[in-house]
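Structure assessment
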Amino acid sequence: MNERIDYLRDKANRLSLNPGVYLMKDKTGKIIYVGKAKALKNRVTSYFRSDTGHSAKTIKLVSNIYDFDFIVCPSELDALVLECSLIKLHKPKYNILLKDDKGYNYIKISHGAYPRISYALNTSDTHADYLGPFTSGFTVKQAVEEANTIFMLPTCRKSFPMDFGKERPCLNMHIKKCMGVCRGKISSEEYKKIIDEALDYLKQGSQKTAEQLRAEMEEAAENLEFEKAAKLRDRIQAIARLHNSQKIFDYKTDDYDIVALAQNISLASVAVVKYRGGRLVDKENFFIGDEYDPSLMRRDFLLSYYPDREEIPKEIYIDGQFEDMDIVAQLLREKIGHAVKFVVPQRGDGMAQIVLAKNNASEYLALKVGRTAKEINALEDLKDLLGLEKIPLCIESYDISNFGETGRVGGMIVYRNGRPFKAGYRRFNIKEVVGIDDYACMQEVLRRRMQRYLDGDEGFSPLPDLILLDGGKGHVAAVAQVLDELKISVPLFGLVKDSKHRTRAIAKEGGEISVSANKALFKLLTNIQDEVHRYSITFQRVKHKQKTYSLELTEVKGIGEAKAHALLKEFKTKQGMKEATVEQLRITAKISPEKAQELYEFIQERF
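First, a word on scope: everything that follows refers to the structure included in this document. (Residues numbered from 1 in each chain as written. Predicted model: local features only at pLDDT ≥ 70, side-chain atom pairs only at ≥ 80, totals over all residues. Heavy atoms only, no water.)

**Quick notes on the overall build of the chain**
Put simply, the rule reads: For helices the rule is a DSSP run of H or I covering at least 4 residues; for strands it is a run of E covering at least 2, with both sets numbered from the N terminus onward. Throughout, exposure labels follow a simple rule: accessible area from a 1.4 Å probe, protein chains only, divided by the maximum for the residue type, with under 20% read as buried, over 50% as exposed, and the rest as partly exposed. The contact rule is simple, with two residues in contact once any of their heavy atoms fall within 4.5 Å. Note on areas: Shrake-Rupley, 1.4 Å probe, and residue coverage restricted to the protein chains presented here.
A tally of helices and strands in the chain yields 20 helices and 19 strands. Out of the 607 residues belonging to the chain, those deemed buried represent 49%. Partitioning the contacts of the chain with sequence separation of at least 6, the portion at a separation of at least 24 is 61%. Per element, the accessible surface of the chain, about 31100 Å² overall, is 50% carbon and sulfur.

**Overview of a negative patch on the surface**
What counts here: Surface patches are drawn from residues lacking salt bridges whose relative accessible area is over 30%; two like charges belong together within 9 Å, two nonpolar side chains (Val, Leu, Ile, Met, Phe, Trp, Tyr) within 5 Å. What counts as a salt bridge is simple: a side-chain nitrogen of Lys or Arg found within 4 Å of a carboxyl oxygen of Asp or Glu. His residues and chain termini do not enter the charge count, which takes Lys and Arg as positive and Asp and Glu as negative. Where a charge sits is defined by one atom per residue type, namely NZ (Lys), CZ (Arg), CG (Asp) or CD (Glu).
A surface patch of like charges, here negative, comprises Glu218, Glu219, Glu222 and Glu225. Along the chain, the position of glutamate 218 falls in helix 8 (residues 206–222). On the basis of relative accessibility, which here comes to 46%, the residue glutamate 218 falls in the partly exposed class.

**With respect to the packing of aromatic side chains**
For any pair of aromatic rings, the description rests on two quantities: the centre-to-centre distance and the angle between the ring planes. We apply this condition: A pair of aromatic rings is counted whenever rings of Phe, Tyr or Trp (Trp by its six-membered ring) have centres within 6.5 Å, and the orientation is called stacked for planes under 30 degrees apart, edge-to-face for over 60 and tilted otherwise. In this scheme, Lys NZ or Arg CZ marks a charge over a ring once it lies within 6 Å of the ring centre and within 35 degrees of the ring normal.
Applying the stated criterion across every chain, the model contains 19 aromatic pairs. On the basis of an interplanar angle of 80° and a centroid distance of 5.4 Å, the ring pair of tyrosine 114 and phenylalanine 164 is categorised as edge-to-face. In this pair, tyrosine 114 sits in the loop between strand 4 (105–110) and strand 5 (117–120) while phenylalanine 164 sits in the loop between helix 5 (137–150) and helix 6 (171–174), placing the two residues 50 residues apart along the sequence. Counting every residue linked through ring pairs, the aromatic cluster contains Tyr22, Tyr33, Tyr47, Phe48 and Phe68. Stacked on the ring of tyrosine 66, the Lys or Arg arginine 4 has its end atom at 3.7 Å from the ring centre. The residue whose ring lies beneath arginine 416 is phenylalanine 421, and the NZ or CZ to ring-centre distance is 3.9 Å.

**Quick notes on the environment of methionine 24**
Positionally, methionine 24 belongs in strand 1 (residues 20–25). Given a relative accessible area of 0%, methionine 24 falls into the buried group. Distance from methionine 24 to tyrosine 66, taken between C-alpha atoms, is 7.8 Å for residues 42 residues apart in sequence. The residues touching methionine 24, leaving out its near neighbours within four places in the chain, are Lys30, Ile31, Ile32, Tyr33, Val44, Tyr47, Phe48, Ile65, Asp67 and Phe68.

**What about the sheet that holds strand 2 (residues 31–37)?**
Strands pair in a sheet through their backbones, by hydrogen bonds, and they do so in one of two ways: parallel or antiparallel. Formally: A strand pair is defined by DSSP finding two or more bridges across the two strands. The axes are straight lines fitted to the C-alpha atoms, using for helices just the contacting stretch, and the angles between their N-to-C directions are given from 0 to 180°.
Spatially, three strands are ordered 2-1-3 in an open sheet, and the strand pairing comes out antiparallel. Looking at the sheet topology across the chains shown, the edges are occupied by strand 2 and strand 3 (67–72). Averaged over all adjacent pairs, the angle separating strand axes in this sheet is 20°, with direction ignored. For strand 1 and strand 3, the ladder comprises six bridges, and the chain directions are antiparallel. Note that in strand 3 the partner of tyrosine 22 across the bridge is phenylalanine 70.

Below you can see the structure in the form of structure tokens.
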């Protein structure tokens, strides 16, 4: 808790409602955060409210604020420009400082009479030219392979013209993957012209290259150069085949970027996938660090990434709405000199491209946090499906297991970051409910769990981000009453099984939500439901065995249910009691030595 919170709140309440920039400072006077506000008073006071709606990042920020300064601006756009400038100047700790694991990649064009096009990690060869750098090795390798395939360039180890005619042409020439330079029938001038066309393809993309080749083909045909026209036709067809079979090609515009965000385990990453000339040319991944409101994260990333770029496409496809979208577009338009449009696709090809970028961001984040991309995406999908305010990093699930009226138990399991957290598992003996009543049993379990939290029991803290009950809307309605009584607000849903005992839907008050279409999410929910059922029924079976053992022990005169229970609690199993000494049995059951000897002999004989 910040000891200066009252001072900061009072100072913030005296701010104006004008647009501006605020600068949060620590005890040393160092600027630790810069933000933009449409209305300074409203934005700055929101940091110092007593409610608990802040993200983990904001809570850490507020705890370190000693004072703040502000600059009033004539307009919101001016405030945005000033915010970008001050972030670059001061590099505040709690603003997005883009970090990535860039490894630079190049397209290498060797010198000589018959140059080769290849992939390279550096520019150390002084006898070669380079295109790049690019940050995606995958796209560079793919582009080089495409160019060599389309223009039938040699990829063998032979050196030309030294190796002309020394060996028969290899299989690549016969399957039309190489033009057969090794035969010595292609001049250096003719070959270099083809290399220039391949470089144009790499620089301009498939669409413009195909248009140029088509014009050349038509001109060759008019000049009756049919062999040349046929070669150009083959190149155009090769481009078309790649265009139809791979997702790296043309979508709607020639130049555009795809930006998508992935969040999990209080961390976030962003992927930027770039299309130029109708083809994928590069991909960049950035690790943001602390996650917070997705809308603000998108805005902060775009403001950190694009203003310093020499090239900004006219269209930027992004995976969700963000704060100040129009103003950020205006800022980029003034910077680059042409209109910039943000598009949030909802369906079709655009949505497919967003999924591609999001998967890249998830894979990158997965490497950072030790989780698979599927686990990260499943939690994000669960948040979206249920309309939650944040990703449910901590999920609790409950089930009731019955074996008659005397064998009723409840199980609570915990999933953290998409995986079981067994240290958080809890078991409950049903004590208050008379008769078989699943709804009442579930109410008792949740009431006792929440009361332990309210009493300050650290073993039941903190509250989960989501509660899932093994049951339908009836269970949800029953437990919702308990949460309302205790004034506890946690999203609550049920897990509904089909006739084959597989999770088929999520129950809520008033209806159901189908989940079968989403494989990753379906697997997560099925695993949770199977695990809570396994845990509950295992406990119920243990209780049933203990009850059986307890009844056997009461056959010994002087051993009642209380003493039998104490023995089972101490020694756990039949084998444990069989290995106990007479003295251990006497102390545990609090009986005389003679009675302990009788009990010992009974256990040795019966167990």
